[in-house]
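Results of the structural survey
Here are the chains, one letter per residue:
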Amino acid sequence: MDTHIGSVDGPALAAANGTVGCPASAPGCPMASTPAQPAATLTAGEASLGRHLARRLVQAGVGDVFAVPGDFNLTLLDHLIAEPGLRLVGCCNELNAGYAADGYARARGVGACAVTFTVGGLSVLNAIAGAYSENLPVICIAGGPNSNDYGTNRILHHTIGLPDFSQELRCFQTVTCHQAVVTNLDDAHEQIDTAIATALRESKPVYLSISCNLPGLPHPTFSRDPVPFFLSPRMSNKMGLEAAVEATVEFLNKAVKPVIVGGPKLRVAKAGKAFVDLVDASGYAYAVMPSAKGLVPETHPHFIGTYWGAVSTAFCAEIVESADAYLFAGPIFNDYSSVGYSFLLKKDKAIIVQPERVIVGNGPAFGCVMMKEFLSELAKRVKKNTTAYENYKRIFVPEGQPLESEPNEPLRVNVLFKHVQKMLTGDSAVIAETGDSWFNCQKLKLPEGCGYEFQMQYGSIGWSVGALLGYAQGANNKRVIACIGDGSFQVTAQDVSTMLRCQQNSIIFLINNGGYTIEVEIHDGPYNVIKNWNYTGLVDAIHNGEGKCWTSKVKCEEELTAAIETALGEKKDCLCFIEVIAHKDDTSKELLEWGSRVSAANSRPPNPQ
């Protein structure tokens, strides 16, 4: 697997800071985007820890750091601001800063946020946990206590009142792949470099604490510009690769109607192109798991939709589950993706390809086999077999259109998404919030180049507001369309303010149906009803005449059509916020099915002991 940093295969990172990475055949991967120049010797004032960290972030591909100031990180923020290649984006709270770094990492391959000690760190923790679950390299930087306070019996502010300063570190140990607490200058450069390199190599978040009195101090180790260092690419064990390919070819070539299903770990394996090459070579029908939507093209003729068990797109589950062999590339099988463990799959028919491991049916497992190399080699040797795709074409009947609306009829959600579908182009991206937007957005057919992101594994409501901020900042060549429920929006609404400060032109569809609809369909109760807000009024108040913002409240199809026309035309340079009034029971049929199955899984009685 090469170490190119990007959304799936790396091309998304080409931007102001260039690309980071190297061809898969290269012996190592320099963290630099331009040919190495002789490093300039710096003055004592420039040769500081803060400058070194800022330069490293730029070299890694970070152009924006999402931050909330606090007294322990203020000096560090000064140095980040002083770096020409970095932009400091001030967020309204740490949770949204973390969500924004998550969204930015999806668009650019790596993200970063900066917070203050404990009160900031524990606030951002939830977002970092989500990034960990989604395999996103996010560099979480916390300003720490003065280095002289470590090892003393002092009690500091922003703590729980004990002289032990390790609480924040211990919390981050479970949701990051590497942690470093920088309390001296002698090895600070090594700690910083190791943390950033680990985030990129493991595609997971890291935690980096910097004592508040260190960022501005010079040290001989910082006396020159950071020399680009190398990330050693992970390589397959050649014998293991050959054995895995041989076993898989034998397994697939004797199958009558094999299929391929893409999973979310295609991203971390950077194997999107290799996956499509295998589809081309094999002729198999292919689907994606819901959390892999957007990672491979949907315009390929052999694409049959989303495989999501009982709530799959039309005719997709029938083809996948009736196959006599299915290759899953990078799957995550959990209760949500399996619709309450209701998949009709058999282990002895499955080949499971993980980023570094291949398991063939009930038989052999092969470690140290990189997914990208494995899929590429398999494409050279697999026998073409179009049977499953031909079966799909025989049975497929196009889905019907929503019923035509009567004049001024209350707007239905399926009519809303009919119009969202028409808005999509290769210059668009879709952000889907946890909730019914999962299911409605999943049915959208993405044009070539259209981005798509949602957080399925962690499923934290409110994620989409911060993620929209970060994704739009990282993918500034796309107009991002976000579909957000009213309950989720109430969790993180404040950072619409930051979108306006950053002059973003995203389109937000706020679906106002009076509560937590996804929870209603799993288990209803009075706690699922929320206080209604005047959402357009709220956004107008946040706008406050500063920046470009346009809002609209729509209740019928005629108003929706007019609002979309305005957002795409006259207000194309504005942040457009369209509040859609929907009935509280207006849900997708997929959510109704999914909710009942997840409810059944959640309510299983204890097994007798």
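Everything discussed here concerns the structure shown above.
The following refers to the structure shown. Keep in mind that what you see is a predicted model, and the values were worked out from it rather than measured. (Residues numbered from 1 in each chain as written. Predicted model: local features only at pLDDT ≥ 70, side-chain atom pairs only at ≥ 80, totals over all residues. Heavy atoms only, no water.)

Membership of the largest hydrophobic core comes to 95 residues, with the highest contact counts inside it found for Phe66, Phe417, Phe489, Phe509, Ile578 and Trp594. With sequence-adjacent residues up to four places away left out, Phe509 is seen in contact with Leu416, Val420, Met423, Ile481, Ala482, Cys483, Ile484, Leu560, Ile564, Ile578 and Val580. Formed by 38 residues, the second largest nonpolar core is a distinct cluster that contains Val279, Leu295, Val369 and Leu375. (Core = buried A, V, L, I, M, F, W, Y, C linked by side-chain atoms within 4.5 Å. Buried < 20%, exposed > 50% of the residue type's maximum accessible area, 1.4 Å probe, protein only. Contact = heavy atoms within 4.5 Å.)

Below, the discussion takes up helix H13 (residues 413–423). In terms of burial, H13 is a largely internal element, 8 of the 11 residues being buried. Looking at H13, one finds that the buried residues are Val413, Val415, Leu416, Phe417, Lys418, His419, Val420 and Met423. (Helix = DSSP H or I, 4+ residues; strand = E, 2+ residues; numbered from the N terminus.)

Within the structure shown, the criterion is met by 0 disulfides. Take Cys441: it sits in no disulfide, and the sulfur closest to it among the cysteines is that of Cys483, at 3.9 Å. Here Cys549 stays unpaired: no disulfide links it, and the sulfur of Cys574, its closest cysteine neighbor, is 7.6 Å away. The class of Cys549 is buried, set by a relative accessible area of 15%. (Disulfide = S-S within 2.5 Å.)

Turning to the sheet that holds strand S12 (residues 326–329), a few remarks are in order. One open sheet holds the 7 strands; their spatial order is S11-S10-S9-S12-S13-S14-S15, and the pairing between them is mixed. Each end of this open sheet is capped by a strand with a single partner; those strands are strand S11 (303–306) and strand S15 (365–367). Here the average twist between neighbouring strands, direction ignored, is 15°. By the bridge criterion, 3 bridges tie strand S14 (residues 357–360) to S15 in an arrangement that is antiparallel. (Pairing = 2+ DSSP bridges. Axes fitted to C-alpha atoms, helices over the stretch in contact; angles between N-to-C directions.)

Throughout the structure, instances matching the rule amount to 21 aromatic pairs. Centre to centre, the rings of Phe72 and Phe117 are 5.7 Å apart; their planes meet at 85°, and the pair counts as edge-to-face. Here Phe72, found in the loop between strand S2 (64–67) and helix H2 (74–82), pairs with Phe117, found in the loop between strand S4 (111–116) and helix H4 (121–133); they are 45 residues apart in sequence, far enough to count as distant. When its relative accessible area of 2% is taken as the criterion, Phe117 is described as buried. (Phe/Tyr/Trp six-rings, centres within 6.5 Å; stacked < 30°, edge-to-face > 60°.)

Shape descriptors only; they carry no functional weight alone.
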